[in-house]
Structure formats: structure tokens, C-alpha cells
Amino acid sequence: MIAFLWQNRDHFPVGSDAWIRAWCKRLIQLPQVLRQFLAHQKLRRMGALVHESAYLSDVNQINGQLRLLEIGSETFIGRSELSVFAPVFIGSRVCINDGAKVLSASHDIRHENWPRTASSIRIEDYAWIATNAIILPGVTIGRGAVIGAGAVVSRDVPAGAVATGNPARIVPDRRAPQLDYSPTASLAMFTAWRKMQGSNHPSPL
């Protein structure tokens, strides 16, 4: 994380007003950078693959067999529960809002011993999982797909599709065919180091 910010920082003439303003912002954001660094290190120690540009709001809500977790570049994960008992792949520039749940495990209600079952989850690039949505085991969310606030998804959602409701159903709306934004671009921790690129962090559906 620290190396990523340093390598991608904006450069200003040393001592200029722009240089002073930039470094004041960077010093203010230093505690947040350190929190992100520690969050990344915690997941990596447990075997997770986390890109250095991903943003994790609450690492304590990520649990399970973390060696099965992969998170791509410039992905924003809010205060969301990730339950990792089968492979969970989260691509690049994905946005998972606060309150969402990604659940790779459940229980077999037909078995007398109620055993745990687990199936992999795949969330492709540019997908948006809105506030309080639930992704159930075995689901693939296609590139750029949108899962509306509070939706419960038990089946695959195609690329670019919008799914809402409980159970989630595909609605007529679709994403733009070409997507080029970063969910982390407007976060103060990143803008302190480089000019904002891409659109602002989206609000819930």
C-alpha cells in the first residue's frame, strides 16, 4: 500500500505551494494509510491475495479460510461481511458497499447432521454490490453487473445486468457498455497522493 502510493504520487517542485499543500494532505492521511497497511498485512499473513491499491473499510468482518480469498486492484470493500470457506474471487475496480454480505458457506438442511457446505463465489471487474445485498454460495457476478440494495442473489448475474429484490431478479436496466472509473479514486487517502481519476464513489441504488 505505502509503496503503491509513493510510486503513483503526483510530483511538484520542492518547496512550491503545491508541494506544501500536497504533503500537508499526505501527513493528515498518514494514520489512515497505516491502518490500511496493517489491514492488508493481516489478510496476507493468513494467505489472502490482496492488491496493494484495494481499500478495506473493516478487515475484522472478513473471516474464514483466507488463503482462498483474492481481491483485485482499486477495489473498494466497505464494512461488509466476507465469509470465505470456498474460493472467493473479487476482481478489479469492484465496489462492495457497507452492510453487504458475501457468503460462500451454508448448511445442508436435508442431512441429519446439518453439515456445512461451501461453494466458490466470483465477482468480476467493475461489479457493484450495493448496501445490504447478500451474495449466496456458488454465485458468479459478471463484469459490471449491479446488485441492488438489499437484494439476495442465489443465481449467477450476467455481465452488465442489474439485479434487484429478494430473490434477486434481472431488471431491464443495464450498465454502460464501456466502464472506466475507480471506486477508490475519490477517497481522501488516495487523492492526497494523486489527482482524482475516474468517477466518485457511487451511492446505493
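Above: the structure in question.
Residues numbered from 1 in each chain as written. Predicted model: local features only at pLDDT ≥ 70, side-chain atom pairs only at ≥ 80, totals over all residues. Heavy atoms only, no water.

Asker: How would you explain the overall build of the protein if you had to name every residue and give the values?
Answerer: Across its full length, the protein carries four helices and 19 strands. Its C-alpha atoms give the protein a radius of gyration of 18 Å, near enough to 17 Å, the size a compact globule of 205 residues would have. Dimensions of the protein, computed from the C-alpha atoms along their principal axes, are close to 70 × 40 × 20 Å. In the protein, buried positions account for 43% of the 205 residues. A separation of at least 24 residues holds for 33% of the contacts in the protein among residues at least 6 apart in sequence. When the 22 positive and 15 negative side-chain charges of the protein are each reduced to one mean point, those points stand 4 Å apart. (Helix = DSSP H or I, 4+ residues; strand = E, 2+ residues; numbered from the N terminus. Rg over C-alpha atoms; globule rule 2.2 N^0.38 Å. Buried < 20%, exposed > 50% of the residue type's maximum accessible area, 1.4 Å probe, protein only. Contact = heavy atoms within 4.5 Å. Lys, Arg positive; Asp, Glu negative; His and termini not counted. Charge placed at Lys NZ, Arg CZ, Asp CG, Glu CD.)

Asker: Give me the lowdown on a nonpolar patch on the surface, citing residues and values where you can.
Answerer: A grouping of I2, L27, L30, L34, F37 and L38 is seen on the molecular surface, where their side chains present a nonpolar patch of about 540 Å² in accessible area. The biggest single contributor to the nonpolar patch is helix α3 (residues 30–45), with four residues. In this structure, L30 sits in helix α3. Judged by its relative accessible area of 39%, L30 falls in the partly exposed class. (Patch = residues over 30% accessible without salt bridge, like charges linked within 9 Å, V, L, I, M, F, W, Y side chains within 5 Å. Areas by Shrake-Rupley, 256 points an atom, 1.4 Å probe, with all protein chains shown as cover. Salt bridge = Lys/Arg side-chain N within 4 Å of Asp/Glu carboxyl O.)

Asker: Please set out the nonpolar core residue by residue, giving values where relevant.
Answerer: Taken as a class, soluble globular proteins show a tendency for nonpolar side chains to be buried jointly. If you look at the biggest cluster of nonpolar residues, it comprises 35 residues, and the most contacted ones within it are L69, I90, I123, I135, I141 and I147. Counting only elements with at least two residues in this core, the list comes to α3, β4 (69–71), β6 (81–84), β7 (88–90), β12 (121–123) and β18 (161–164). Once you skip the residues sitting within four places of it in the chain, I90 turns out to touch L69, E70, I71, G72, T75, I77, L82, I96 and I123. (Core = buried A, V, L, I, M, F, W, Y, C linked by side-chain atoms within 4.5 Å.)

Asker: Let's hear about the layout of surface pockets: which residues, and what values?
Answerer: The space that makes up the largest pocket amounts to roughly 180 Å³. Lining the largest pocket, in full, are V152, V153, S154, R155, D156, V157, A163, P167, A168, R169 and I170. Within the residue set of the lining of the largest pocket, elements represented by two or more residues are β17 (152–153) and β19 (169–174). Taken together, the residues of the lining of the largest pocket break down into seven nonpolar, one polar and three charged. Within this model, the second largest pocket holds a volume of roughly 160 Å³. (1 Å grid on protein atoms, 1.4 Å probe; cavity = no way out; pocket = protein on both sides within 12 Å on 5 of 7 lines; lining within 4 Å. Points joined across faces, edges and corners; volume = space filled by probe spheres on them. Nonpolar A, V, L, I, M, F, W, Y, C, P; charged D, E, K, R; others polar.)

Asker: Can you break down the sheet that holds strand β9 (residues 101–103) residue by residue, with the values?
Answerer: In spatial order, the strands read β3-β6-β9-β14-β17; together these five strands make up an open sheet with parallel pairing. Each of the sheet's edge strands pairs with one partner strand only, and the pair in question is β3 (62–64) and β17. Across three bridges, the pairing between β3 and β6 is parallel. Bridge pairing in β6 links I62 to L82. (Pairing = 2+ DSSP bridges.)

Asker: Please give an account of the packing of aromatic side chains that cites residues and values.
Answerer: For the coordinates displayed, the defined rule picks out five aromatic pairs. With a centroid separation of 5.5 Å and 75 degrees between ring planes, the pair formed by W23 and W193 is classed as edge-to-face. One end of the pair, W23, is in helix α2 (residues 17–28); the other, W193, is in the segment after α4 (188–191), and 170 residues separate them in sequence. Using a relative accessible area of 11% as the deciding quantity, one classes W193 as buried. One aromatic cluster is present, formed by W6, W23 and W193 through successive ring pairs. When the ring centre of F89 is taken as reference, the NZ or CZ atom of R122 above it lies at 4.0 Å. (Phe/Tyr/Trp six-rings, centres within 6.5 Å; stacked < 30°, edge-to-face > 60°. Lys NZ or Arg CZ within 6 Å of the ring centre and 35° of its normal.)

Asker: Before we move on, could you go through unusual backbone geometry and cite the residues and values that matter?
Answerer: Look at the link from N166 to P167: it is a cis peptide, with omega at 0 degrees. For P167, the location among the structural elements is in the loop between β18 and β19. The phi torsion at E74 lies on the positive side, around 55 degrees, for a residue other than glycine. Following the sequence through the fold, E74 ends up in the loop between β4 and β5 (76–77).

Asker: Mind laying out the sheet that holds β4, listing which residues take part and the relevant values?
Answerer: The strand order across the open sheet formed by five strands is β1-β4-β7-β12-β15, and the pairing between neighbours is parallel. Two strands close off the open sheet at either side, each with one partner strand: β1 (49–50) and β15 (140–141). Two elements, β12 and β15, share two bridges in a ladder whose sense is parallel. Its bridge partner lying in β15, I123 is registered against I141.

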